[in-house]
Amino acid sequence: MRTYGRIARFIEGLGASFGITALRISIGIIFLWFGVPKFFPGVSPAEPLAAETVERLTFGIIEGTLATVLTGALETVIGLLLVSGVVPTLTTMILLGHMAGTFTPLFMFPKETWESFFIGTLEGQYILKNMVIVSAALVIAGRGRKNRPAPAELVAGTPALTVLEARRRRSQSTAGSRPVAAPDRAS
């Protein structure tokens, strides 16, 4: 059990130190991986559906290759911003807006995205994986700045704060000092 505890503490420390950065960079790489091929006609397997979606969303103003290239450009810009870490809040807003657009084929093109009820085609599964990207973007946005406490740590009585208070009291009592009440953070 000691080995398990050491490994668990190491992984937890690694996650606390580098988790958000690793998440941000890995999602950036995914955006680059899917965006760059759209600059080259016929290379991206998502090209036909992306072009058709953009064409429908813009009421035919943007169509075909231009639609695919613009989608690739947006994804590439998002990827570069994520990897670089500059303007994280703006990047998250752009990413979430783009993700809203990527879900529309599930409703606009059900024959291309669903085989049957809750069974996605390859294109549908490709789109559904974006739920993980949206969730990760929210985590990055919520914990993006260094030393920003998690929202649960800000509210007295939440499980995270209760655990932190209990740890603080334990460490103070073992050191021989009296426990100190947590400051009222509601005011």
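Residue indices follow the written sequence of each chain, beginning from 1 at its first position. Note on the predicted model: pLDDT of at least 70 is required for a residue's local features to be given, and 80 or more for side-chain atom pairs to be given and counted; whole-chain, interface and lining totals, by contrast, use all residues. Calculation of side-chain values draws on the structure's entire complement of heavy atoms; hydrogens and water are dropped beforehand.

**Considerations on empty space enclosed by the protein**
For step 1, the next point in the chain: With a 1 Å grid laid over protein atoms only, a set of points is called a cavity when a 1.4 Å probe fits there but cannot get out and a pocket when it is open yet has protein on both sides within 12 Å along at least five of seven lines; lining residues have an atom within 4 Å of a point. Grid points are joined across faces, edges and corners, and a volume is the space filled by probe spheres set on the points. The full count for this structure, using the stated rule, is one cavity of 30 Å³ or more.
For step 2, the next point in the chain: Estimates place the volume of the largest cavity at around 70 Å³.
For step 3, the next point in the chain: Taken together, Arg-24, Leu-81, Leu-82, Gly-85, Val-86, Pro-88, Thr-91, Thr-92, Leu-95, Ala-137 and Ile-140 make up the full set of residues lining the largest cavity.
For step 4, the next point in the chain: Elements supplying a minimum of two residues to the lining of the largest cavity: helix H3 (64-84), helix H4 (88-103) and helix H8 (130-143).
For step 5, the next point in the chain: Helix and strand definitions follow DSSP, with helices as H or I runs of at least four residues and strands as E runs of at least two, each counted in order from the N terminus. Broken down by element, the residue count for the lining of the largest cavity peaks at four residues, all from H4.
For step 6, the next point in the chain: Each residue receives one of three labels: charged for Asp, Glu, Lys and Arg, nonpolar for Ala, Val, Leu, Ile, Met, Phe, Trp, Tyr, Cys and Pro, and polar for the others, Gly being one of them. For the lining of the largest cavity, the residue count by class is seven nonpolar, three polar and one charged.

**Considering the confidence of the model for the chain**
Detailed reading of the predicted coordinates is not advisable wherever pLDDT is low.
For step 1, the next point in the chain: The predictor reports its confidence for every residue as pLDDT, a score running from 0 up to 100. Here the chain shows a mean pLDDT of 83. Residues at 70 or above account for 78%.
For step 2, the next point in the chain: The secondary-structure element of the chain with the lowest mean pLDDT is helix H9 (residues 151-154), recorded at 48, while H3 shows the highest, at 94.

**Things to note about the pattern of salt bridges**
Between side chains of opposite charge, a pair can form as their charged atoms come close.
For step 1, the next point in the chain: Salt bridge, as applied in this entry: a Lys or Arg side-chain nitrogen positioned within 4 Å of an Asp or Glu carboxyl oxygen. Applying the stated criterion to the full structure yields one salt bridge.
For step 2, the next point in the chain: Across the pair Lys-38 and Glu-75 runs a salt bridge, and its minimum N-O distance is 2.8 Å. In this pair, Lys-38 sits in the loop between helix H1 (2-35) and helix H2 (47-57) while Glu-75 sits in helix H3, placing the two residues 37 residues apart along the sequence.

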